[in-house]
Amino acid sequence: MPDQLRLFSPAIIALGRGMQKMKRLAFAEARKEFEEALISREVHEIVKRWKCAAEYWLGGLQEIDHLADPGTKAIRWYELWDQFTNEDLPWREQIFADMRQQVFSHLVSLWQSDPVPLPYPIGYFLLETGDLEGAINSLEADLQRDPGSPLTHLLLANAYYCQGKISKAARHYREALLDKPLNAFEIEIKHPGLRTLWDEFEDEGMEWGWFAVYASLRGVLPLPPITSSDEARETEAWTRQWEPAGLGAEAIEAAHKARLFLAYIQMASWYRKQGAKEEIEYRRKMKSLNPLLFEFYLERL
């Protein structure tokens, strides 16, 4: 806390009250608190910046009031929030989570009466308001329409992770990260270990398409075991359809090879449990695809 705003001084108390009112989207009341803080001799730039933030919202909401349809209002709520989050405000992390939940609750309520295309699927906004079931239902429906969407897989992974369904979350994180680099997503990754692991992975100098394999081998995104002969046959047949040769761009080729590598891990594990010699064949295939990750695989055994 800056020396100019002594703890429990009138200015800091008024500033704290104003920030609490920002959490509840009571922007007019927040502005009054910030104005009170500015009257004090301990005027500080922080108070001025928060007063400007409250006035920014008041102006934006006044504009929203003049809009006719709820869908347009929902879009404008998001635009206001998006611009606001780019502001470098002191101690903003203390109030942003509560503000986001309130803002997105308003947005969802407006969208439900007038569904319009938003910058992100409505499941994202439901997730951020804490409606996990609603988010999952909406995102699963989105995935039926577009099974290959990395963003939908990532959002579903976040929702399942928050719900405590780790194996389902791991499956969707893998699908998302096989098709897009982790640092290309603007959405927050809820799994705390993935971003740390990404930094470690980048230090290894591998193509981004291999990250899902790396995370699986490190136990962050555990692979489900094959549990039946039928599953083994399906996986084995699938691997024969995915020939990595001639795929073009290096990163895309790495992502396709990574899918094969993951399937080979499952097949090798299955045959090891059966005591079958085919395990050696799948180990050789892994080594041919990525010798470095094959070494990680052997260390895990």
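Q: What's the story with the packing of helix α8 (residues 150-163) against helix α9 (residues 166-179) in this structure? I'm lost.
A: Packed helix pairs are specified by the crossing angle of their axes together with the interaxial distance, meaning the distance between the axes. One way to put it is that α8 packs onto α9 with a least axis distance of 8 Å and a crossing angle of 155°. Of the possible angle classes, the one that applies to α8 and α9 is roughly antiparallel. The two elements α8 and α9 cross, and the hand of that crossing is left-handed. Packed against α8, whose contacting residues are Pro150, His153, Leu154, Leu156, Ala157, Asn158, Tyr160 and Tyr161, the element α9 presents Ile166, Lys168, Ala169, His172, Tyr173, Glu175, Ala176 and Asp179 at the interface.

Q: Any chance you could explain a negative patch on the surface here in plain terms?
A: Taken together, the side chains of Asp199, Glu202, Asp203 and Glu204 present a region of like negative charge at the surface. Residue placement: aspartate 199 occurs in helix α10 (residues 192-204). Owing to a relative accessible area of 45%, aspartate 199 belongs among the partly exposed residues under this scheme.

Q: What should I look at first to understand the environment of alanine 263 in this one?
A: Of note, alanine 263 is situated in helix α13 (residues 250-274). Here alanine 263 falls in the buried class, since its relative accessible area comes to 4%. For the pair alanine 263 and glutamate 45, spaced 218 residues apart in sequence, the C-alpha separation works out to 57 Å. Excluding residues that lie within four positions of it along the chain, alanine 263 makes contacts with Thr235, Trp238 and Thr239.

Q: In this structure, what is going on with the packing of aromatic side chains? I would like to understand it.
A: The relative placement of two aromatic rings is captured by the distance of their centres and the angle of their planes. Counted under the stated rule, the structure contains 25 aromatic pairs. With a centroid separation of 5.7 Å and 80° between ring planes, the pair formed by tyrosine 78 and phenylalanine 125 is classed as edge-to-face. On the criterion of sequence distance, the pair formed by tyrosine 78 in helix α4 (residues 70-85) and phenylalanine 125 in helix α6 (residues 122-128) is long-range, its members being 47 residues apart. With relative accessibility at 11%, the residue tyrosine 78 sits in the buried group. Phenylalanine 125 gets classed as buried once you look at its relative accessible area, which sits at 0%. When the ring of tryptophan 210 is compared with that of phenylalanine 261, the centres are 5.8 Å apart and the planes differ by 90°; the resulting orientation is edge-to-face.

Q: I'm lost on the layout of surface pockets in this one. Help?
A: A probe matching the size of a water molecule, rolled over the atoms, marks out where space remains unfilled. The computed volume of the largest pocket comes to approximately 530 Å³. As for the largest pocket, its lining consists of 19 residues, of which Arg171, Glu175, Leu223, Pro224 and Gln266 are closest to the centre. Mapped by element, the contributors of at least two residues to the lining of the largest pocket are α9, α12 (229-241) and α13. Among the residues making up the lining of the largest pocket, the classes are represented as 10 nonpolar, three polar and six charged. Roughly 400 Å³ of internal volume is contained in the second largest pocket. Lining the second largest pocket are 15 residues, and of these Trp81, Thr85, Arg100, Tyr124 and Glu186 lie nearest its centre. Going through the elements one at a time, α4, α5 (93-113) and α6 are the ones with two or more residues in the lining of the second largest pocket. The residue makeup of the lining of the second largest pocket, split by class, is eight nonpolar, one polar and six charged.

Q: Before we go on, may I ask you to explain α8 in this structure?
A: An α-helix turns once per 3.6 residues; consequently, residues spaced three or four apart project the same way. The end-to-end C-alpha distance of α8 is 20 Å, a good match for the 20 Å that 14 residues give at a rise of 1.5 Å each. Where burial is concerned, most of α8 is hidden: 10 out of the 14 residues are buried. Among the residues making up α8, those that are buried are Pro150, Thr152, His153, Leu154, Leu155, Leu156, Ala157, Asn158, Ala159 and Tyr160. Looking at the packing, one finds that the buried side of α8 touches α6, α7 (132-145) and α9. Following α8 by one or two positions, glycine 164 has its phi on the positive side, about 85°.

Q: Explanation requested: the confidence of the model for the protein in the structure shown.
A: The predicted coordinates should not be examined in detail at positions where pLDDT is low. In the predicted model, the protein carries a mean pLDDT of 89, and 93% of its residues have values of at least 70. Low pLDDT, under 50, characterises residues 1-5; the stretch is placed with 13 contacts to residues that sit more than four places away or in other chains.

Q: Looking at this model, I keep getting lost on the pattern of salt bridges. Mind explaining?
A: Per the counting criterion, the structure on display carries 18 salt bridges. In this structure, lysine 190 engages glutamate 128 in a salt bridge whose closest nitrogen and oxygen atoms are separated by 3.2 Å. Of this pair, lysine 190 sits in the loop between α9 and α10 while glutamate 128 is found in helix α6, placing the two residues 62 residues apart along the sequence. Taking relative accessible area as the criterion, glutamate 128 reaches 12% and is therefore assigned buried. A salt bridge links arginine 259 to aspartate 179, with the nearest nitrogen and oxygen atoms 3.1 Å apart. With arginine 259 in helix α13 and aspartate 179 in helix α9, this residue pair connects regions lying 80 residues apart in the sequence.

Analysis parameters
Residues numbered from 1 in each chain as written. Predicted model: local features only at pLDDT ≥ 70, side-chain atom pairs only at ≥ 80, totals over all residues. Heavy atoms only, no water. Axes fitted to C-alpha atoms, helices over the stretch in contact; angles between N-to-C directions. Helix = DSSP H or I, 4+ residues; strand = E, 2+ residues; numbered from the N terminus. Parallel < 35°, antiparallel > 145°, perpendicular 65-115°, else oblique. Left-handed = near helix turned anticlockwise from the far one by under 90°. Contact = heavy atoms within 4.5 Å. Patch = residues over 30% accessible without salt bridge, like charges linked within 9 Å, V, L, I, M, F, W, Y side chains within 5 Å. Areas by Shrake-Rupley, 256 points an atom, 1.4 Å probe, with all protein chains shown as cover. Salt bridge = Lys/Arg side-chain N within 4 Å of Asp/Glu carboxyl O. Lys, Arg positive; Asp, Glu negative; His and termini not counted. Charge placed at Lys NZ, Arg CZ, Asp CG, Glu CD. Buried < 20%, exposed > 50% of the residue type's maximum accessible area, 1.4 Å probe, protein only. Phe/Tyr/Trp six-rings, centres within 6.5 Å; stacked < 30°, edge-to-face > 60°. 1 Å grid on protein atoms, 1.4 Å probe; cavity = no way out; pocket = protein on both sides within 12 Å on 5 of 7 lines; lining within 4 Å. Points joined across faces, edges and corners; volume = space filled by probe spheres on them. Nonpolar A, V, L, I, M, F, W, Y, C, P; charged D, E, K, R; others polar. Expected span 1.5 Å × (residues − 1). pLDDT = per-residue confidence, 0-100.

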